[in-house]
Each structure stands twice: as C-alpha cells, then as structure tokens.
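# Remarks on the overall topology
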Amino acid sequence: MDLMKYLREVPDFPKPGIMFKDITPLLANPEVLAETIRRLIEIASSLEFDAILAAESRGFLFGAPMALVMKKPLIPLRKPGKLPWKTVNQKYDLEYGSAELQMHHDALQPGQKALLVDDVLATGGTMRAADDLVRQVGATSVGALFILELGFLGGKKNLLPVPTYSLITI
Ligand code: AMP
C-alpha cells in the first residue's frame, strides 16, 4: 500500500511557499489509517520505551491508537495554556512561524524512556522542543517516529542524537 497516495499536497498553505501535506485523505480511509498505525507500531516495537509522547494536535491522532495497542502511557505535548497542571515549557521555531510546547512536569519520571510521535517531520523544531521537555524532567527520548519526513528540511540532523524513523521520506 502506497501511503503517499493518501497525502494531499496543498501549495501555499498556511503561508506562501509552503507545500502542506494534508493527512485528511489518509484519516478518511479506515484501511489506510489501520495500515499506517500497523506500520508505526511495527517500528515502535523494535524500541524500548516507557511512554508515547504525542505533539498537539495531529500527533494525537497516531499516538493514541499506538498507545492503546502497545499498552503504553500516552503523554500529550500541548500548546501554551491548555494543560491544567504544573508544566515544563519549551519555545521553538516552525517551518512557518514560532511556537511553544508544554508538558506536565510529572508526566515522565527521571530516567524513563520516551518515544516521540508526530505526523510530519519538517525542520524538526517541534520534536527538538519535545526532546528538550523530556530532558528537562531528566528522562530520555529513544526515538522520534513520523509518517512523513521532508528530508530536504534537515529535521533529522536537528533531532540528533535522537534517532528518527519515518514511514515515508521525500
Ligand atoms: P517542524 O517542527 O518544522 O518539524 O514541523 C513539524 C510540525 O508542523 C508537525 O506537527 C507538522 O504537522 C507540521 N508541519 C510542518 N510542515 C508541514 C508541511 N509541509 N505539511 C504538513 N504539516 C507540516
């Protein structure tokens, strides 16, 4: 199954010059979504980790079913002002703008291992911030997992030493 066929390319969204990869066709097809989750779990099964960290908001769509099937805790990484408890915070740059990510300070314990999950790896800014949050609480990221990696934006390098895994790389 060629998952790329279910990613719609939308030019100049949300800003001129950005070729947005729209995952809604993939979400709209239950067989394709199931196969996507199966492939993500196949890769995640080769890693040892205590919890799945999913980035708001599209990361939730893939992190939650993975956590359910793999029987792992799911930790949401959220935009500012969304989490009700005490948080650790990290600002970062996006392919289109800047942002901040937060995590509950007690979501992970020192020494625990996290698997980071999101839909698209672009510049790696989001997942770099996610790894910074993990390190702020004394935990470690064992990997960052994506459906699609935009290789030409160098996100993989930005995430080092955290290894990246993607179902598709373009
Ligand atoms: P980055 O932090 O630059 O790696 O960007 C990754 C985040 O922004 C992910 O949460 C993606 O969902 C989103 N994103 C960035 N660029 C694109 C793109 N060209 N198409 C779809 N989503 C994108």
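As a starting point, this report considers the structure included with it. Values in this document were obtained by computation on a predicted structure and should not be read as measured data.

Packing of helix 2 (residues 30–44) against helix 3 (residues 58–70) leaves a shortest axis separation of 10 Å and a crossing angle of 65°. Handedness of the helix 2/helix 3 crossing: right-handed. For the pair helix 2 and helix 3, the contacting residues are Leu 33, Thr 36, Ile 37, Leu 40, Ile 41 and Ala 44 in the first and Leu 61, Phe 62, Pro 65, Met 66, Val 69 and Met 70 in the second. By residue class, the composition of the contact of helix 2 with helix 3 is 11 nonpolar, 1 polar and no charged.

Another aspect to go through is the pairing of strand 3 (residues 51–55). Within a regular beta strand, the side chains point alternately toward one face of the sheet and then the other, so they alternate between its two faces. By the criterion of burial, strand 3 is predominantly enclosed, with 5 of the 5 residues buried. Here 4 bridges tie strand 3 to strand 7 (residues 113–121), and the two strands are oriented parallel to one another. Residue Ala 54 lies in a different strand from strand 7, and its bridge partner there is Val 117. Taken together, the 4 bridges between strand 3 and strand 4 (residues 74–77) define a ladder with parallel strand orientation. From the neighbouring strand, Ala 55 faces strand 4, where its bridge partner is Leu 77. Read from strand 3 through helix 3 to strand 4, the crossover connection turns out right-handed.

As a further point, take the pattern of salt bridges. Oppositely charged side chains can form a pair if their charged atoms are brought close together. Considering all chains together, one arrives at 12 salt bridges under this definition. Among the salt bridges present, the one from Asp 119 reaches Arg 58, with a minimum N-O distance of 2.9 Å. With Asp 119 in strand 7 and Arg 58 in helix 3, this pair connects stretches of sequence that are 61 residues apart. According to the relative accessible area criterion, Asp 119 is buried, its value standing at 4%. We note a salt bridge from Arg 135 to Asp 131, for which the minimum N-O separation is 3.2 Å.

With that out of the way, let us pick up the nonpolar core. Core analysis: the largest hydrophobic core is formed by 27 residues, its most contacted members being Ala 44, Phe 49, Phe 62, Met 66, Leu 115, Val 117 and Leu 145. Only helix 2, helix 3, strand 7 and strand 8 (140–149) provide two or more residues apiece to this core. The dominant element in this core, judged by the number of residues it contributes, is helix 2, at 6 residues. Dropping the residues within four chain positions of it, Phe 62 is found in contact with Ile 23, Leu 26, Leu 27, Leu 33, Thr 36, Ile 37, Leu 40, Val 117, Asp 119 and Ile 147. In this structure, Ala 51, Leu 101, Met 127 and Ala 139 belong to the second largest nonpolar core, which totals 24 residues.

The next point concerns the packing of aromatic side chains. Following the criterion strictly, the structure yields 1 aromatic pair and no others. The interplanar angle of 85° and the centroid separation of 5.1 Å between the aromatic rings of Phe 13 and Phe 20 together place this pair among those described as edge-to-face. On the accessibility criterion, Phe 20 (14% relative accessible area) is buried. Of note, Lys 72 hangs over the ring of Phe 49, and the distance from its end group to the ring centre comes to 5.0 Å.

How each quantity is defined
- Residues numbered from 1 in each chain as written.
- Predicted model: local features only at pLDDT ≥ 70, side-chain atom pairs only at ≥ 80, totals over all residues.
- Heavy atoms only, no water.
- Axes fitted to C-alpha atoms, helices over the stretch in contact; angles between N-to-C directions.
- Helix = DSSP H or I, 4+ residues; strand = E, 2+ residues; numbered from the N terminus.
- Left-handed = near helix turned anticlockwise from the far one by under 90°.
- Contact = heavy atoms within 4.5 Å.
- Nonpolar A, V, L, I, M, F, W, Y, C, P; charged D, E, K, R; others polar.
- Buried < 20%, exposed > 50% of the residue type's maximum accessible area, 1.4 Å probe, protein only.
- Pairing = 2+ DSSP bridges.
- Right-handed = clockwise from strand over helix to strand, strands pointing away.
- Salt bridge = Lys/Arg side-chain N within 4 Å of Asp/Glu carboxyl O.
- Core = buried A, V, L, I, M, F, W, Y, C linked by side-chain atoms within 4.5 Å.
- Phe/Tyr/Trp six-rings, centres within 6.5 Å; stacked < 30°, edge-to-face > 60°.
- Lys NZ or Arg CZ within 6 Å of the ring centre and 35° of its normal.

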